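Report on the structure
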Amino acid sequence: MLTDEEYREIVGDPAAFYFQVKRFVSKNGFWKEMKYPAADRYRDLTEVTIHHTFWHLHVRRSDYGPDCQACGKPYRTSRAKFCAECGHGLALK
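Residues numbered from 1 in each chain as written. Predicted model: local features only at pLDDT ≥ 70, side-chain atom pairs only at ≥ 80, totals over all residues. Heavy atoms only, no water.

Over its 15 residues, helix H2 (residues 14-28) extends 21 Å from the first C-alpha to the last, a length consistent with the 21 Å expected when each residue adds 1.5 Å. Of all the positions in H2, only Phe17, Val21, Phe24 and Val25 are classed as buried. End-on view of H2: buried residues confined to an arc of 95°, all on one side of the axis. In this structure, H2 carries Arg23, Ser26 and Lys27 as exposed residues pointing more than 90 degrees from its buried face. The inward-facing, buried residues of H2 contact helix H1 (4-10) and helix H3 (37-46). (Helix = DSSP H or I, 4+ residues; strand = E, 2+ residues; numbered from the N terminus. Expected span 1.5 Å × (residues − 1). Buried < 20%, exposed > 50% of the residue type's maximum accessible area, 1.4 Å probe, protein only. Arc of directions from axis to C-beta. Contact = heavy atoms within 4.5 Å.)

Our next topic: unusual backbone geometry. Not every positive phi belongs to a glycine, and glutamate 47 is a case in point at roughly 60°. In this fold, glutamate 47 is placed in the segment after H3. On the basis of relative accessibility, which here comes to 74%, the residue glutamate 47 falls in the exposed class.

Now for the nonpolar core. Membership of the largest hydrophobic core is limited to 12 residues, which are Leu2, Tyr7, Ile10, Val11, Phe17, Val21, Val25, Ala38, Tyr42, Ile50, Leu57 and Val59. Elements that contribute at least two residues to this core include exactly H1, H2 and H3. Here the element with the most residues in this core is H2; it accounts for 3 residues. (Core = buried A, V, L, I, M, F, W, Y, C linked by side-chain atoms within 4.5 Å.)

So, on to the confidence of the model for the chain. Taken residue by residue, the chain gives an average pLDDT of 79. The fraction at 70 or more is 82%. Across the chain, the secondary-structure element scoring lowest on mean pLDDT is H2, at 79, and the one scoring highest is H1, at 86. (pLDDT = per-residue confidence, 0-100.)

This part is about the state of the cysteines. Inspection of the entire model under this criterion finds 0 disulfides. The closest cysteine sulfur to the non-disulfide-bonded cysteine 68 is located on cysteine 86, 3.7 Å from its own sulfur. Judged by its relative accessible area of 40%, cysteine 86 is partly exposed. (Disulfide = S-S within 2.5 Å.)

In this section: the packing of aromatic side chains. By convention here, two paired aromatic rings are described through the distance between centres and the angle between planes. In this structure the tally under the stated criterion is 0 aromatic pairs. Above the ring of tyrosine 7, the side-chain terminus of arginine 60 is found at 4.2 Å from the ring centroid. (Phe/Tyr/Trp six-rings, centres within 6.5 Å; stacked < 30°, edge-to-face > 60°. Lys NZ or Arg CZ within 6 Å of the ring centre and 35° of its normal.)

Given below as structure tokens:
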């Protein structure tokens, strides 16, 4: 997962990133590994190579809820009431 600063560095404007990827895919096809600066920078930060072209848009930590107190995995959304991984309920405010 990326912090908001790392996400802005890699993706920048999500709409512009989307069209950059679309141009790449139309030229090279989905199944080729993307060779562009965002993919290289993501690999440098996380040591993970992303093979699907739009996964970069779904790795921002702030898009998810807090970490589960039972299993440590993040809640799927910021509005989640229970952990989808282990079923632990979130204390309601």
